[in-house]
Structure formats: structure tokens, C-alpha cells
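# Observations on the three-dimensional arrangement
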Amino acid sequence: MLKLANRVQTLTPSTTLAITAKANELKAQGVDVIGLGAGEPDYNTPQNILDAAERSMEEGKTKYTPAGGLPALKQAIQDKLQRDQGLSYEKNEILVGVGAKHVLYTLFQVLLNEDDEVIIPIPYWVSYPEQVKLAGGVPVYIEATAGQSYKITPQQLREAITDRTKAVIINSPSNPTGMLYSKEELEALAEVCREADILIVSDEIYEKLIYGDATHISVAELSEDAKSRTVIINGVSKSHSMTGWRIGYAAGDKELIKAMTDLASHSTSNPTTTSQYAAIEAYNGPQDAVEEMRQAFESRLEAIFPKVQEIPGFTVLRPQGAFYLLPDVSEAAAKTGFSSVDDFAKALLEEANVAVIPGSGFGAHSTIRLSYATSLELLEQAVERISQFVHKHW
Ligand code: PLP
């Protein structure tokens, strides 16, 4: 009789993927479903990157690479960090992995002992708690409310730290909130981390997708101390529309990076070689496509944000980055006769044929996440359907 390991007994599948599967099932039955669940840009990978990948294959560069990534890709990442953040890292302070997700997984595996704590702000990206638990750690949550723009305060952080705290995760811009920490806010949080001597995991995967006059600051830029206790996590998935290529990286302390590289040498051997050559071009080649995509997301945001704001019972903050809106819909759900936002989201899919992600997956039970990584035409139709659904049942 099959008996699975204890560590997977509480493992839950990604909510995001579950909704997408349900939406696809309805689509296969011929239902006209509009998906607002996507966590990836709706653009093709830029042509220069495709060409570089093809060239590398034709040149026979299809064998194993060093476990932590090709030196040329590490160099491209070093140059990127210098160019964008003014940060200087050595090659032995960088690990290239199979997407930022697996890099984070590897990080928690080498960092955490049984019952070590990792502080995770709510709303959180779905995989953080699961990855911490899989490594034997304990997620400790801090609730960042809409009233505090979904950002944690230094006071909250201080109160959550115990003598078992190993790290705090900062995801700016955030999935699912789209919020961005300012330099002053990061400085205050970094000071608390310095006092308590804990690590900062800085997930910067949405760095290139920021809007209005907002600017992205990496916590590692703030001071030598902040740099030394920060592991930057980033990659090409969202910036260069390369989600399927699976290339992400970590930049941080060399002892930590060595342990992660050793683990990678026994788990992945190396990130896919062709994808690494594509990523070299992504970082070294022209960046016009990155900016074009950013502008497209920003104009979609401008177009749909006021419409979402107008839906009765929806309260929504204007995001400064990423490509998600996270309206609090608790009032709309209650007024339309649903006992939970999960049920409301289920009805939106089944009756209004719009797939959204219920916020329960992010620890934010009164919200739903709408992704605007889809065409403006579909976005407008989807928002109209949601609005009609709410008006009809109000
Ligand atoms: N971090 C956050 C906040 C994300 O939203 C995602 C992807 O959805 C990732 C990391 C992982 O990205 P990758 O495709 O590089 O694994």
C-alpha cells in the first residue's frame, strides 16, 4: 500500500494552477471563458532571444553546463545587477537555476533547519509557505492590510521576530498586490533585520513592471549591511516574457550560493542549456521589448482600473507594479448572496465565465486577483461580465 512522505501530507496544489485547469476544462466544453488568472505576460519571447537560442543549438551547445550556470550567463547577470542596481557581485555569489521558483526552493532547502521560522507578509505569493514547510521550516505570517497599502511596517516585523527567525521575504513589486516598497520603507525594514541579524529574501521578479512615477529599489542597494544579508531573487520570466524557459537566479552570500549550487548539482545538474543561452541574450541584447511590454501593461491598467473601481462592493488599490489587481470583494460577495469570496469566485467562473483567482490562496480571503496580462479587448469584456453579474445578483 502506497504511503507518501509526511512532508507532503499538507502540501496543497497551487490555487492559480487549479483555477486555470477548471477554466480550461470549461473552454474544452465550448464555454466562452475569459481567463484573468494568468501569471505570465501574454507576449511571445522577443525574436532576438529566440534567434540566440536557435544559434546556440546549431552550434552544438546542447550539453551539460556548470551546475550553477554558464559563466557567460553569470557575467550577463553581474552586468545587469551593476547596470540596474549599481550592485557588484562575483560569479561565486550568483546561482542560475530553473526559474526563480526553483531557486527559492533550493534556498529554503539549504537555509532552514527543522522549526526555523521565515516571516511571510500576507497577502503572499502562493509558493512561499509551501516551500518553507517543505524545507522543515515554519511560516510566520504578518498581515499587511489594505489600509497599510498591503505593506508590512517595521513595528510588525519587530514583533514577529523570535530567536528562531531565519529570514523575512520581501516581494516588491508584489504578486498579488502590485505594491512597491519605497526606499524609506525598505530602510526601516532593513534596520530591523540588522538589529535582529536575520536574512532578507528579496523577490524582485516583477522589477521591470512598474508604473507611473514609481521606481524600484532593491533592499540590497541600501547599504553594505543590507547587501550582505540580502539574497536577491530574480529572473527572465516576467521581464522578458520567458516563463516557459525556466531561468531564474539568486545573488547573495557566497557560502549560501555554494550550498545552493551543491544542492543543484544533485537535483537539476544545471538549468536547461538552450534556455541559458537565450537568457544571455535577454540580459545582453536590446531591452526595447521589455519596455514595450511594460507600456502595454500600464495602458491596460489605466483602462480597466476605473472600471473595476466602479463595480459595486469592490474596493481596490491602484497597483504600482506587476500585472494584478487585488480588489476586496467581501461586500460584493455578501450583497450577492455568497457566504464566502471563494464561492463568489466560483460563481464568476461558472455563471459569468470569467476565471479569477480567489485571494484565499494568497492568505487574503476577502479579495480576488485579476491579472491584466491579457488583451485590452478581453479585459474590458471580462470586467463588463463581472459588473453585470454583481448588478444582477445585488
Ligand atoms: N516570485 C513571484 C512573486 C512570482 O509571482 C513568480 C511567478 O509567478 C515567481 C517568483 C517565479 O517565477 P519563475 O517563473 O522564474 O519561476
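Residues numbered from 1 in each chain as written. Predicted model: local features only at pLDDT ≥ 70, side-chain atom pairs only at ≥ 80, totals over all residues.

## Details of the overall build of the chain
Counting secondary structure elements, the chain contains 14 helices and 12 strands. Here the C-alpha atoms of the chain give a radius of gyration of 21 Å, agreeing with the 21 Å that 2.2 N^0.38 yields for 394 residues. Overall, the chain is about 60 × 60 × 55 Å in size when its C-alpha atoms are taken along their principal axes. Taking all 394 residues of the chain together, the buried fraction comes to 47%. (Helix = DSSP H or I, 4+ residues; strand = E, 2+ residues; numbered from the N terminus. Rg over C-alpha atoms; globule rule 2.2 N^0.38 Å. Buried ≥ 20, exposed ≤ 12 C-beta atoms within 10 Å, placed from the backbone.)

## So, the packing of helix α3 (residues 71-85) against helix α10 (residues 273-284)
Running from amino to carboxyl end, α3 crosses α10 at an angle of 25°, the nearest separation of the two axes being 9 Å. Judged on the interaxial angle alone, α10 and α3 are roughly parallel. In the packing of α3 onto α10, the handedness of the crossing is left-handed. On α10, the residues touching A72, L73, A76, I77, D79 and K80 of α3 are Q276, A279, I280, Y283 and N284. (Axes fitted to C-alpha atoms, helices over the stretch in contact; angles between N-to-C directions. Parallel < 35°, antiparallel > 145°, perpendicular 65-115°, else oblique. Left-handed = near helix turned anticlockwise from the far one by under 90°. Contact = placed C-beta atoms within 7 Å.)

## Digging into the UniProt feature "domain: Aminotransferase class I/classII large" (unreviewed entry) in the chain
Per the UniProt record, "domain: Aminotransferase class I/classII large" (unreviewed entry) is annotated on residues 32-386. A helix fraction of 42% and a strand fraction of 14% characterise residues 32-386, whose end C-alpha atoms lie 14 Å from each other. (UniProt positions renumbered as here; feature names shortened; annotations may be inferred.)

## Digging into the domain arrangement of the chain
Often the size quoted for an interface is simply the accessible area lost on bringing the parts together. The domain boundaries assigned to the chain delineate domain 1 (7-44 + 289-388) and domain 2 (47-284). Taken together, the contact between domain 1 and domain 2 spans 31 residues of the former and 31 residues of the latter. Of all elements in the fold, only α1 (15-28) and α11 (288-310) reach the threshold of two or more residues within the side of domain 1 that touches domain 2. With 6 residues, the single largest contributor to the side of domain 1 that touches domain 2 is α11. Tallied by class, residues from the side of domain 1 that touches domain 2 come to 15 nonpolar, 10 polar and 6 charged. (Domains from an automatic or database assignment. Nonpolar A, V, L, I, M, F, W, Y, C, P; charged D, E, K, R; others polar.)

## Thoughts on the environment of F362
Along the chain, F362 falls in the loop between β11 (357-358) and β12 (368-371). For F362, a count of 25 C-beta atoms within 10 Å corresponds to the buried category. The spacing of F362 and S127 is 235 residues in sequence and 9.1 Å in space, taken between C-alpha atoms.

## Thoughts on the environment of I205
Mapped onto the fold, I205 is located in the loop between β6 (199-203) and α8 (224-228). Residue I205 is classed as buried on the basis of its 23 C-beta neighbours within 10 Å. Remark: the alpha-carbon pair of I205 and Q276, spanning 71 residues in sequence, is separated by 17 Å.

## Thoughts on the sheet that holds β11
Read across the sheet, 3 strands follow the order β9-β12-β11 without closing on themselves; strand pairing throughout is antiparallel. The open sheet has two free edges, formed respectively by β9 (324-325) and β11, since each of these has just one partner strand. Bridge count between β11 and β12: 2 bridges; the pairing is antiparallel. If you follow I357 over to β12, its bridge partner there is R369. (Pairing = 2+ DSSP bridges.)

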